[in-house]
Amino acid sequence: MIEITREDGPSGGRYFAIVNSYEAEMTYSRAGTSRIIIDYTGVPRELGGLGVGKALVYRAVEDARKEGFKIIPLCTFAKAQIEKNKDWQDVLA
């Protein structure tokens, strides 16, 4: 299981995970009070294929459901993950 941490601020924040001493992150900015824009996902090459990037996006999807916000995925990776997982699309803005 990959442990994801969220750092949230008034204008945006990030989700990150440290795996095998490498940090992967996904950043977002706020678009009003009910939407976030995922603008970047970065996973070190050393963590490729471990599902870390997908886990970051999934955590944002779960938080959106719990907290009632919608996601605008400008990051191509996040957008592709949400498109591949039809059951995640309920959180799209």
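So, a few notes on the structure that sits alongside this text. Computed from a prediction, not measured in an experiment: that's the story for all the values here.

1. Notes on the pairing of strand β3 (residues 22-30)
Bridge count between strand β2 (residues 12-19) and β3: 8 bridges; the pairing is antiparallel. Residue pairing for β3: Tyr15 is matched across the bridge by Met26. Where β2 hands over to β3, the hairpin turn is made up of 2 residues, of which Asn20 adopts a positive phi near 50°. Direction of pairing for β3 relative to strand β4 (residues 35-42): antiparallel, over a ladder of 6 bridges. Considered in β4, the bridge of Ser29 is made with Ile37. Joining the antiparallel neighbours β3 and β4 is a turn of 4 residues, in which Gly32 adopts a positive phi near 80°.

2. Considerations on the environment of Val43
Relative to the elements of secondary structure, Val43 occurs in the loop between β4 and α1 (52-67). In sequence terms Val43 and Pro10 are 33 residues apart; their C-alpha atoms lie 25 Å from each other. Residues within four places of Val43 in sequence aside, it is in contact with Ala24, Val52 and Gly53.

3. As for the packing of aromatic side chains
In the structure shown here, the tally under the stated rule is 2 aromatic pairs. Ring centres 5.6 Å apart and planes at 45° place the aromatic pair Tyr15 and Tyr28 in the tilted group. One end of the pair, Tyr15, is in strand β2; the other, Tyr28, is in strand β3, with 13 residues separating them in the sequence. For the residue pair Tyr15 and Tyr28, the accessibility class agrees, reading buried in each case.

4. Regarding the pairing of strand β1 (residues 5-8)
Looking at chain direction, β1 and β2 are connected through 4 bridges and run antiparallel. In the sheet register, Thr5 faces β2, and the bridge partner there is Phe16. Between the antiparallel neighbours β1 and β2 lie 3 residues.

5. Quick word on the sheet that holds strand β5 (residues 70-73)
With respect to topology, 5 strands assemble into an open sheet ordered β1-β2-β3-β4-β5, the strand pairing being mixed. Two strands bound the open sheet, and with one partner strand each, they are β1 and β5. Sheet twist, expressed as the mean angle between neighbouring strand axes with direction ignored, is 25°. Taken strand by strand, α1 contacts β1, β2, β3, β4 and β5, and its axis lies near 135° from that of β2. Set on the sheet, helix α2 (residues 76-84) makes contact with β4 and β5; between it and β5 the angle comes to about 120°.

Definitions and limits used
Residues numbered from 1 in each chain as written. Predicted model: local features only at pLDDT ≥ 70, side-chain atom pairs only at ≥ 80, totals over all residues. Heavy atoms only, no water. Pairing = 2+ DSSP bridges. Helix = DSSP H or I, 4+ residues; strand = E, 2+ residues; numbered from the N terminus. Contact = heavy atoms within 4.5 Å. Phe/Tyr/Trp six-rings, centres within 6.5 Å; stacked < 30°, edge-to-face > 60°. Buried < 20%, exposed > 50% of the residue type's maximum accessible area, 1.4 Å probe, protein only. Axes fitted to C-alpha atoms, helices over the stretch in contact; angles between N-to-C directions.

Treat this as a map of the structure, not an account of what it does.
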